[in-house]
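Secondary and tertiary structure notes
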Amino acid sequence: MDEKLVDIYDEVLQRNPGEQEFHQAVQEVLNSLGPVVAKHPQYADAAVFRRLCEPERQIIFRVPWVDDEGQVQINRGFRVEFNSALGPYKGGLRFHPSVYLGIVKFLGFEQIFKNSLTGMPIGGGKGGSDFDPKGRSDGEVMRFCQSFMTELYRHIGEYTDVPAGDIGVGGREIGYLFGQYKRITNRYESGVLTGKGLSWGGSQVRTEATGYGTVFFVEEILRDRKDSLDGKRVVVSGSGNVAVYAIQKVQQLGGTVVACSDSSGYVVDEAGIDLALLRDVKEVRRARISAYAEERPDARLVEGGSVWDVPCDIALPCATQNELNGKDAATLARNGCTIVAEGANMPCTPEAVDVLAEAGVTFAPGKAVNAGGVATSALEMQQNASRDSWTFQHTEDRLAEIMRGIHERCLTTADEYGSPGDYSAGANISGFIRVADAMLALGVV
Ligand code: NDP
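Now for a look at the structure at hand. Each residue is numbered by its place in its chain's sequence as written, counting from 1. In view of the model being predicted, local features appear only for residues whose pLDDT reaches at least 70, and side-chain atom pairs are presented and counted only at 80 or more, with totals across whole chains, interfaces and linings using the full set of residues. Side-chain descriptors were evaluated using all non-hydrogen atoms of the structure, hydrogens and water having been removed beforehand.

For this description, a residue counts as near a given molecule or strand if any of its non-hydrogen atoms is within 4 Å of it. Taken together, the neighbourhood of the ligand is formed by 24 residues, with Asp 166, Thr 210, Asn 241, Ser 263 and Asn 345 sitting nearest. At a separation of 2.9 Å, an oxygen atom of the ligand approaches a polar side-chain atom of Lys 134. Relative to its unbound accessible surface of 890 Å², the ligand loses 83% to contact with the protein. The secondary structure listing takes helices from DSSP runs of H or I that are at least 4 residues long and strands from runs of E that are at least 2 residues long, numbered from the N terminus. Put simply, the parts of the chain that give the shell around the ligand at least two residues each are α9 (206–224), α10 (241–252) and β7 (256–262). Polarity classes work like this: nonpolar for Ala, Val, Leu, Ile, Met, Phe, Trp, Tyr, Cys and Pro, charged for Asp, Glu, Lys and Arg, and polar for all others, with Gly in that last group. Looking at the shell around the ligand residue by residue, the classes come out as five nonpolar, 13 polar and six charged. Side-chain atoms alone can form a polar contact between residues adjacent in sequence; in general such a contact is a pair of N or O atoms within 3.5 Å, and within protein one must be able to donate a hydrogen while the other accepts it. Note on areas: Shrake-Rupley, 1.4 Å probe, and residue coverage restricted to the protein chains presented here.

Laid out in structure tokens, this is it:
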């Protein structure tokens, strides 16, 4: 790390004790910014690096609700409004028992650079709760969402902060959240949330966007090598929103996804994952991945192992942070994997990234690879603002064009700053410069 940035990183460690994921995300970005410090002293002079590491606003609140047994439950809600130099704060809400301030801050920090990289007018933020939707009835999820929004509504708005989904927050939860926002404010303000249903202000392709965008990015990497997805063996981790649509797009483009997972284990299906069955298990029945294996006689269920033990040409981690470690990276490389592209946020540990680099495996970071989700959210905001709705094909074409642009920007910037082919350096530097220039222009605010 550049010596000017070491002090800033130390300050982040001191000011944010115990927030390991946040430290990791900041370190990863600062590690790339050395060449920027040297070339553009104006950023350090205006304390842009230090200002970027401190969220503009952090909101923590109590979320009380009543479960089906009549018991009062208490969760904690968060919204970290990290940076609004480029536009209203934008980023998802995560409902998962592991959520605490350090996770929300890591995600919000990543979101600043990701959103900048899309070239769209959106700032960075993230939120969520330690609420666990697993095993909860629809009624419980609705009452939780209503209570969550009863506090959150005063902090968000079309021009202020626009949340979306993330782990544990899909179309059902966005519906309950939007319903409560509308009820409290008496405004049909479509642009206050993205990921809405198609009949009430949502955009075509938003549901598919993160997974599809991930695969479009991989297609670009392959195109550069004069290759394609046709005939490739792919392993995807997770079986949620991002994973399902990554699997679908790989299949459409001629690849075979031979394994996927959830937090209870993984399935290997050499014939290719049966997507209709997977969706029925995960989206309709909200069951465990073992239910998939029970209905596919040739599929194998592995509980407790690592999905990265399954040999593949391309690995797409699409579940959660730090799910692919150094050992997994070494196994992937040994088995002939040539591309690891992050559909999830920060799924590869720093050690895994180093192992992949040493082994010559192309690594593409989440803030570039999975940016199609937020980019399509920005397209949803555009449609809401103009009271328009575009066709699926038109929206998917826009998404593909945006992903090509992000890929191109990563490579051009990496070249320009002396790290040809380094997607992380390209994404971090390119994302940083756009937001840093806006911060300079807006003064010390
Ligand atoms: P979902 O809740 O739809 O799915 C998450 C999947 O990951 C599930 O299969 C879940 O398994 C698994 N998972 C979650 N936590 C863990 C864990 N601790 N260990 C093992 N498996 C786990 O979330 P999304 O698909 O929306 O999000 C996946 C990733 O993509 C996250 O990193 C998110 O931040 C990122 N992302 C999502 C975007 C979006 O548009 N949704 C946009 C950009 C990034 P189980 O059901 O057993 O918990």
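Let us keep going from here.
Look at α10: 17 Å from first C-alpha to last across twelve residues, which is about the 16 Å you get at 1.5 Å a residue. α10 sits mainly inside the fold: nine of its twelve residues count as buried. Burial status follows relative accessibility: with a 1.4 Å probe on protein chains alone, a residue under 20% of its type maximum counts as buried, one over 50% as exposed, and anything between as partly exposed. Three or more residues of α10 are buried, namely Val 242, Ala 243, Val 244, Tyr 245, Ala 246, Ile 247, Gln 248, Lys 249 and Val 250. Throughout, a residue-residue contact means that at least one pair of heavy atoms, one from each residue, lies within 4.5 Å. The inward-facing, buried residues of α10 contact α9, β6 (233–237), β7, α11 (275–284), β10 (314–317) and α17 (392–416). What a helix is expected to span follows from its residue count: subtract one and scale by 1.5 Å.

All right, on to the state of the cysteines then. The disulfide criterion used throughout: a pair of cysteine sulfur atoms within 2.5 Å. For the structure on display, the rule yields zero disulfides. Here Cys 318 stays free of any disulfide, with the sulfur of Cys 260 as its closest cysteine sulfur at 10 Å. Left unpaired, Cys 337 is separated from the closest cysteine sulfur, that of Cys 312, by 4.4 Å. On the basis of relative accessible area, Cys 337 is assigned to the buried category, the value being 4%.

Attention shifts here to empty space enclosed by the protein. A 1.4 Å probe that fits into a set of points on a 1 Å grid over the protein atoms alone but cannot get out defines a cavity; an open set with protein on both sides within 12 Å along at least five of seven lines defines a pocket, and lining residues are those with an atom within 4 Å of a point. Grid points are joined across faces, edges and corners, and a volume is the space filled by probe spheres set on the points. Counted under the stated rule, the structure contains one cavity of 30 Å³ or more. As for the largest cavity, its lining consists of Val 29, Leu 30, Leu 33, Phe 49, Leu 52, Cys 53, Phe 109, Phe 113 and Phe 432. Listed by contribution, the elements that provide at least two residues to the lining of the largest cavity are α2 (20–32), α5 (48–52) and α6 (101–117). Class assignment of the residues belonging to the lining of the largest cavity gives a composition of nine nonpolar, no polar and no charged.

Criterion for a salt bridge: a side-chain nitrogen of Lys or Arg within 4 Å of a carboxyl oxygen of Asp or Glu. The full count for this structure, using the stated rule, is 28 salt bridges. For Arg 94, the salt bridge is made with Asp 166, and the minimal N-O distance between the two is 2.6 Å. Taken together, the residues span a long stretch of sequence, with Arg 94 in strand β3 (residues 89–95) and Asp 166 in the loop between β5 (161–164) and α8 (171–185) at a distance of 72 residues. Across the pair Glu 189 and Arg 187 runs a salt bridge whose closest N-O atoms are separated by 3.1 Å.

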